[in-house]
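# Structural features, examined
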Amino acid sequence: MSDQLISELEAAGQHRLADSIRVLPQDQADRLALEVASIDLALVTRLVDELVRTPAAQATPDIGPARVDRLPLPGGEAAAQHRRMAFEAGEQALRDGRVAVVLLAGGQGTRLGFDHPKGMFPIGPVSNATLFEVHAAGVGATRRRYGCDLPFLLMTSRDNDDVTRDFLEQHLMFGLQPDSVTTFVQGMLPAVDPLTGDILRAAPDRLALSPDGHGGIFRAMERAAILGDLEERRIDLLMTFQVDNPLMRPADPEFIGAHLLAHAEMSTLVVAKRSAAERMGVMATVDGRPALMEYSDLPDHLAARTDDDGGLTYWAGSTGVHCLDRGFATRLATGQAAMPFHRADKRVATVDDPEPAAPNAVKFEAFMFDALPLASATAAVEMARDERFAPVKNAEGADSPATCREAMVARAARWLEQAEATVPRDGDGASAHAIEIDPRFAQDAADLRGRIPSDLVVDGPLLLRD
Ligand code: UTP
C-alpha cells in the first residue's frame, strides 16, 4: 500500500511526506499511510496550488446592500399575514413529511474551551439540560405535533463522533426512536506549510488534520449516502442549524414556509444586528449575487452605513440557520455547484514545531453560507432575535453560557406573561427567578395556553416539562 501512496504523494508534490513514510518504522509508516489514504489528496493538491503556492491576486469584491425584503418585527397587518401564510405552508410541508433537520455539531468549540463536544454543554437554566437534549426535545415535539418522521441528522467530526454517539446512546437518544437519528462524519483536511504547501504532521505517524468547515456538510452527506436516502423517502427540504443555539426551533414552520413561498433554493434565517460593531456575518450582495459577508470582511465604513431611516444598511445578521432544497444540496455535494474553500493561517502543533508562538500553518475550510451565491434563488427570513438567537460561543462575556441562559429565561418569562401568568421582575426588568420551558412542553407562547393555570405566579425556579 505504501509504495503506491508514496508515488501518489510524489506526483502531488508532497515529497517531504513521501520521504517521512519511507524512513518510518513499518508500523508507524502503515499508520501514517492509512491517514494519508483517508484524505482527498486531489482536493488538497488543488487547494495548495490555488491558495498557497500561487495564490491568485484577490480581486476587490463589489459589495452592495442585500435585497432583503424586510418584514418589520413586530410588523403591520401585511407582514403578520405573510408570516401566518408562511407558518401554514411550513406546517403543511411538515405534515406531508417533506422535511429533515440537520444539526451541525462537528466544530471544535475552541472559543468555549469545553472539554467535550459542544452539544454536551449543560445549558438549561433550571434543568441543566445539554444543548443536545434541548435540540432533541424540539425534534420530538415537532414530530408529535405534525405526525411526521422528521429525520434528525447530526454532522459530527472524526474528533468528536465517538463521544457524541456514546453520549446520545447513553441518554437513549433523549426519547427519539434510535433509527430516526443518524450521525454522519464531516471530512478532515490536513494543515500545510504556508511557504511550501507541504502537508504537516502532528506526530511522526499522524497528520495535522482538522475538520473541513461546516461547508463540508454536502460532501459528507453524499459520502454517507444520506441525500439518496432522503430522495427515496421523498424528503425535499433540509433545515440546517447550529448546535450552540438552544433558542432555535428545529424545523421552524415559519422559516420553512417562508423558504417555500419565496421559491428559494436556499434561505437564511436572519436577525437584526445589535450595533454596527457587532461581530456577526451580514447579508449583502457581492458582485451582484446574494451572499453572506463575514464581519471581518465587511469594511468598517460599510458596517456603519445607514439608510435614510437611520437603520443599518447591513442589518441582517446571519444565525447560521439555513433551509435548502435537497436537489440544490445534491448539486453542491456532487460538485456541480462548487463550494469555495478559504485559507486560514493558524497555530498548529506539528512534529517540527510542537508549541508555535505564531501562525505556522495554513488550514482549509469551507463555509456553508458560500452556497448562497450558487443558488438560483435565495431568501433571507427575519425573525425576532430574542425569540430565536442566543448562541454559546465564548466562555465569558458576549455570546456566553450566561447570556444564553439569560435569553432562555427572558423568553420563557415573556411566553408565560403572554399566557396570563405573573412573573416577578427584578430591578433590571429580568425575571426574578430562573424559568425554563422544555420544548416538549411548549414551543411558543400559544402552546402554553391551557397548559398552565392563568393565575400562575412564578415564586421560585420553575421548570415546565411533560
Ligand atoms: P463555529 O464557526 O462557531 O465554530 O461553528 P465552533 O467549532 O462551534 O467554535 P470555535 O470557532 O472553534 O470557537 C458554528 C457551527 O458549525 C459547526 C459547529 O459545531 C457549530 O454548530 N461546525 C463548525 C461544524 O459542524 N463543522 C466545522 O468544521 C465547523
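Residues numbered from 1 in each chain as written. Predicted model: local features only at pLDDT ≥ 70, side-chain atom pairs only at ≥ 80, totals over all residues. Heavy atoms only, no water.

When helices and strands are tallied, the protein shows 15 helices and 18 strands. The C-alpha radius of gyration computed for the protein amounts to 23 Å, which stays within 12% of the reference 23 Å derived for 466 residues, consistent with globular compactness. With the C-alpha coordinates aligned to their principal axes, the bounding extent of the protein is approximately 75 × 55 × 50 Å. Counting over 466 residues, the protein shows a buried share of 54%. (Helix = DSSP H or I, 4+ residues; strand = E, 2+ residues; numbered from the N terminus. Rg over C-alpha atoms; globule rule 2.2 N^0.38 Å. Buried < 20%, exposed > 50% of the residue type's maximum accessible area, 1.4 Å probe, protein only.)

Here we take up the packing of aromatic side chains. Per the counting criterion, the structure on display carries four aromatic pairs. Pairing Phe 114 with Phe 121 gives two aromatic rings, centres 5.0 Å apart and planes at 75°, and the pair type is edge-to-face. Overall, Phe 121 belongs to the buried group, its relative accessible area being 12%. Through successive ring pairs, a cluster of aromatic residues spans Phe 132, Phe 167 and Phe 174. Across from the ring centre of Phe 441, 4.1 Å away, lies the NZ or CZ of Arg 451, which sits over that ring. (Phe/Tyr/Trp six-rings, centres within 6.5 Å; stacked < 30°, edge-to-face > 60°. Lys NZ or Arg CZ within 6 Å of the ring centre and 35° of its normal.)

Our focus in this paragraph is the pattern of salt bridges. Under the definition given, this model contains 30 salt bridges. For Glu 265, the salt bridge identified is with Arg 331, shortest N-O distance 3.0 Å. Of the two residues, Glu 265 sits in the loop between α10 (253–261) and β10 (266–272) while Arg 331 sits in helix α12 (residues 326–333), which places them 66 residues apart along the sequence. For Glu 265, a relative accessible area of 13% puts it in the buried group. Taking relative accessible area as the criterion, Arg 331 reaches 27% and is therefore assigned partly exposed. A salt bridge links Asp 466 to Arg 451, with the nearest nitrogen and oxygen atoms 2.9 Å apart. With Asp 466 in the segment after β18 (462–464) and Arg 451 in the loop between α15 (445–448) and β18, this residue pair connects regions lying 15 residues apart in the sequence. Since its relative accessible area comes to 55%, Asp 466 is described here as exposed. Taken together, the shared-partner salt bridges connect Glu 133, Asp 438, Arg 440 and Arg 465 into one network. (Salt bridge = Lys/Arg side-chain N within 4 Å of Asp/Glu carboxyl O.)

Moving on, we get to the site of the ligand. Close to the ligand lie 17 residues; Leu 104, Thr 110, Arg 111, Gln 186 and Lys 393 are nearest. Interatomic distance of 2.9 Å between a backbone N/O atom of Gly 109 and an oxygen atom of the ligand. The side chain of Thr 110 places a nitrogen or oxygen atom 2.5 Å from an oxygen atom of the ligand. In isolation the ligand has 560 Å² of accessible area, and contact with the protein removes 86% of it. (Near = heavy atom within 4 Å. Polar contact = N/O pair within 3.5 Å; in protein donor to acceptor, adjacent residues only side chain to side chain. Areas by Shrake-Rupley, 256 points an atom, 1.4 Å probe, with all protein chains shown as cover.)

In total, this model carries zero disulfides according to the counting rule given. Between Cys 148, a free cysteine, and Cys 323, which holds the nearest cysteine sulfur, the sulfur-to-sulfur gap is 14 Å. For Cys 148, a relative accessible area of 10% translates into the label buried. (Disulfide = S-S within 2.5 Å.)

Mapped onto the secondary structure, Asn 360 falls in the loop between β14 (342–346) and β15 (361–365). Setting aside residues up to four positions removed in sequence, Asn 360 forms contacts with Pro 194, Leu 200, Lys 346, Arg 347, Val 348, Thr 350 and Asp 353. (Contact = heavy atoms within 4.5 Å.)

Shape is all these values report; function is a separate question.
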